[in-house]
Amino acid sequence: MLKRFLASAAFAVMLGIQSISLLAEDLVIDFKSKQSGSFGSVSYTVTAYYSSQYHLRKYHNSREDDLTDYVNSVKYHINHGEKTIKKYTLEDAIKYDEVLAKAKLDMPEKFEINLDEEMKHFISMEENIDELMRKLIDENNEPTVKKTGAEKVLKRKCDKWKASLGNIISLEVSLDPTLIPPEPQNIEVDRVLTNALSKVTMRLSEKARNPDGGTTLKRQAKVLIWSKVLKLEEEATRVVQGPIPASVFELPKGYTMEDEGKKKLEKLIETLAGMTR
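Residues numbered from 1 in each chain as written. Predicted model: local features only at pLDDT ≥ 70, side-chain atom pairs only at ≥ 80, totals over all residues. Heavy atoms only, no water.

A.B. asks: I keep staring at the nonpolar core and nothing clicks. Help me out?
C.D. replies: Across soluble globular proteins, nonpolar side chains show a tendency to be buried alongside one another. Judged by nonpolar contacts, the single largest core of 21 residues is most densely connected at Ile29, Phe31 and Leu217. Where this core is concerned, the elements lending two or more residues are β1 (27-37), β2 (42-50), β9 (169-176), β10 (215-225) and β11 (228-241). Among residues more than four places away in sequence, those in contact with Leu217 are Ile29, Phe31, Val153, Arg156, Cys158, Ser174, Asp176, Leu179, Glu234, Glu235, Ala236 and Val239. Within the second largest apolar cluster, 20 residues are counted, among which are Tyr88, Phe122, Leu265 and Met275. (Core = buried A, V, L, I, M, F, W, Y, C linked by side-chain atoms within 4.5 Å. Buried < 20%, exposed > 50% of the residue type's maximum accessible area, 1.4 Å probe, protein only. Helix = DSSP H or I, 4+ residues; strand = E, 2+ residues; numbered from the N terminus. Contact = heavy atoms within 4.5 Å.)

A.B. asks: Got a minute to help me understand unusual backbone geometry in this structure?
C.D. replies: A negative phi angle characterises most non-glycine residues, just as the trans form characterises most peptide bonds. Positioned with a positive phi, Lys83 is a non-glycine residue whose angle comes to about 55 degrees. Considering the arrangement of structural elements, one finds Lys83 in the loop between β5 (74-79) and β6 (84-89).

A.B. asks: I would appreciate a short explanation of helix α7 (residues 260-275) in the present structure.
C.D. replies: Because each turn of an α-helix spans 3.6 residues, side chains separated by three or four positions end up pointing in the same direction. Taking 1.5 Å as the rise per residue, α7 with 16 residues should run 22 Å; its terminal C-alpha atoms sit 22 Å apart, in good agreement. Regarding α7, the residues found buried are Glu260, Gly261, Lys264, Leu265, Leu268, Leu272 and Met275. Angularly, the buried residues of α7 cover 135 degrees about the axis, an arc narrow enough to put them on a single face. (Expected span 1.5 Å × (residues − 1). Arc of directions from axis to C-beta.)

A.B. asks: Would you mind going over the pattern of salt bridges with me for this structure?
C.D. replies: Opposite charge on two side chains makes pairing possible when the charged atoms of those side chains draw close. All chains considered together, the criterion is met by twelve salt bridges. A salt bridge links Arg238 to Asp30; the nearest nitrogen and oxygen atoms lie 2.7 Å apart. You can see Arg238 sitting in strand β11 and its partner Asp30 sitting in strand β1, a full 208 residues away along the chain. Take Arg238: its relative accessible area is 39%, and that puts it in the partly exposed class. Looking at Asp30, the relative accessible area reads 16%, which means it is buried. Notably, a salt bridge pairs Glu91 with Lys95, separated by 3.5 Å at the nearest N-O pair. Residue Glu91 and its partner Lys95 are located together in helix α2 (residues 90-106), separated by four residues, close to a single helical turn. The partly exposed category is assigned to Lys95, whose relative accessible area is 35%. (Salt bridge = Lys/Arg side-chain N within 4 Å of Asp/Glu carboxyl O.)

A.B. asks: Explanation requested: the confidence of the model for the chain in the structure shown.
C.D. replies: The predicted coordinates ought not to be read in detail in places where the model reports low pLDDT. On average, residues of the chain carry a pLDDT of 80, and 75% of them reach 70 or more. Between the elements of the chain, mean pLDDT differs from a low of 45, seen in helix α1 (residues 2-17), to a high of 97, seen in strand β12 (residues 256-258). Below a pLDDT of 50 lies the segment residues 8-22, which in the model reaches 62 contacts outside its immediate sequence neighbourhood of four places, other chains included. (pLDDT = per-residue confidence, 0-100.)

Here it is as structure tokens:
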């Protein structure tokens, strides 16, 4: 879980840092990643694919993929071990947020006491992590951002940026301003179909975005939890520009499709109805 915890942060950083262009080519980036800290150390590899419609991240060691379809406003979590696909739609996410907002307004005391943290997020990592993020980081906190220099990654000149939120989270990124990924068709998908941790790191990365565009090729995230530091390092090992076969983005056949977003929405409505009785 801790690997997914910080990998999710890196995913959000990559989404937030990159500016976009209709003229950009398809893009594939391989990353070597390492998570370390007081809770242990693990290394793994990730491949990120970008087209004008899709963004796919393949976590090779865990046999899990995250696929976002910007045209149809859908996010999929693919588990190859269990042969399942969890589906989340933007439409259900918006309804979910609307139902939550109304419940918080109509019955604030019951909302805080009787609704666990997992139910307060459309896409949740798990209840204790969501609660931890709420306790550590106030949604009104503003990050500090500064440009710290330059370095080369894969012989590509990158601008270095650092963003931090107090002493809780810090992000350091090296961004290639000349490497422009294709434009997602619906940026709202990234803002709504994310978990609590991703929303925090997206806020940080937006502050560090290069206005001229570009792609992050190296990043380091540090999160302070229970006086212990969790650290994620990720660096590109290969960059390929050019057309990506459509088959790369096809959902695997024979897997069980679970409309997780619809189930979450129905469960929330049922839970809130029980609180009013």
